[in-house]
Amino acid sequence: MLMISADVLALSSEAAVLLRGGRIQFANSAAKAILGEGCVGSTVKSVFGVEIAEAQAASFIGDLPIGGVRYIIRVTSMEGVRAVFLTKHEESAALINDALIYSLRNCLMGLGVTTEMLRSRAEEAKDTELLTGLASVTHDYYRINRMLSNVTLIRSIDDGSLFFVPRPTDLAALLAQLADTVNLISDGPRVAYYGPKELTVSIDPALAENLVLNLISNSLTHAAGCTRVSLRLIEDHERVVISVNDDGCGIAPEKLHFVFDRYRHGFGISDIDHGAGLGLTAALAIANLHGGTLLLESREEAGTTVRASFSRNPVPSQKLYAAQEEPERGMRTLLTGLADCLPDRCFGERYAE
């Protein structure tokens, strides 16, 4: 096994830093080009911030703005030292074009209308077998809609066309209501909210809901052995932090490197049923849009924690103030956000907004 040492990191073409005792002990030339020649000897907190300094997991990944540039930061620990690797955040690839999005949405609309027509007839005929089949088809409809919604979100944030107008919102009430509603419709582990009863901050509530649903869905879908999901809201002077924690199987250290852009990489056979890998990418984009960051730490067989920080007063670019109506939110939004982890029975009835 290759041990972590200054000699090893000096040979790395990737920006690499060695931490010991809460300070930077060594930085290779690529890291000094990013952090400055005088970074060695500085405290971890002063260079990387409190989130990185206080993270407890042996291996974790996050995103970090340094000098106006965003980097993906990967941390690996061994025998009392930590190696930090910095990679410039790649801009998202053009996942899909407008014509394909339009065509897919038209197909989904047609599928939805036809399914509802058949469901009405099946209900009149009391055909339980057909109703069961239609619930499965509807479930797949929502799964496709979730993937398409995340792709569209990532793309529209990248090109600046997203409708984004932060406004005073009781984030505590939003999180508590989400936890209650998820528990109402899901047969999976219970989602518990911990935090203040009221906390009003300037956010885009639809995007905040999207972020939280993606993180909850990841826990309920991928965290094998999970028995609980904790949703926490933490206040800081200039930001608020939404933390989603589960006690499931955790993520293997070698897979942490790709969690924010899994859709760029190949899939093994065992991963085919685990989604397209867009949920964390969408959550990261939403946190960044709110002037914040996303940090993921995981311990195998012990669970995963994702912390999304939001600036209390995010300042969107003028380009994002598009004059259009805010998209409607309701049960359909929830069913879309949790489509990967809900049972077919949740899609066997017509849900009113």
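The sections below set out a description of the structure shown in this document. (Residues numbered from 1 in each chain as written. Predicted model: local features only at pLDDT ≥ 70, side-chain atom pairs only at ≥ 80, totals over all residues. Heavy atoms only, no water.)

## A closer look at the environment of Gly38
With respect to the element layout, Gly38 can be found in the loop between helix H2 (29-35) and helix H3 (44-48). Since its relative accessible area comes to 61%, Gly38 is described here as exposed. For the pair Gly38 and Ala27, spaced eleven residues apart in sequence, the C-alpha to C-alpha distance is 9.6 Å. (Helix = DSSP H or I, 4+ residues; strand = E, 2+ residues; numbered from the N terminus. Buried < 20%, exposed > 50% of the residue type's maximum accessible area, 1.4 Å probe, protein only.)

## A few points about the packing of aromatic side chains
Tallied over the entire structure, the rule returns two aromatic pairs. Plain terms: the ring middles of Tyr141 and Tyr142 are 5.3 Å apart, the flat faces sit at 85° to each other, and that makes the pair edge-to-face. Ring geometry for Tyr142 versus Phe347: centroids 5.2 Å apart, planes at 45°, classification tilted. Of this pair, Tyr142 sits in helix H6 (residues 128-159) while Phe347 sits in the segment after helix H11 (331-337); the two residues are 205 residues apart in sequence, bridging distant segments of the chain. The class of Phe347 is buried, set by a relative accessible area of 1%. (Phe/Tyr/Trp six-rings, centres within 6.5 Å; stacked < 30°, edge-to-face > 60°.)

## Here's the deal with the pairing of strand S10 (residues 239-246)
Burial runs high along S10: seven of the eight residues are buried. By the bridge criterion, seven bridges tie strand S9 (residues 228-235) to S10 in an arrangement that is antiparallel. Bridge pairing links Arg232 to Ser243 in S10. In this antiparallel pair of consecutive strands, S9 and S10, the connection spans three residues. Pairing geometry for S10 and strand S12 (residues 303-311), over eight bridges, is antiparallel. Across the sheet, Val241 pairs through a bridge with Ser309, a residue of S12. (Pairing = 2+ DSSP bridges.)

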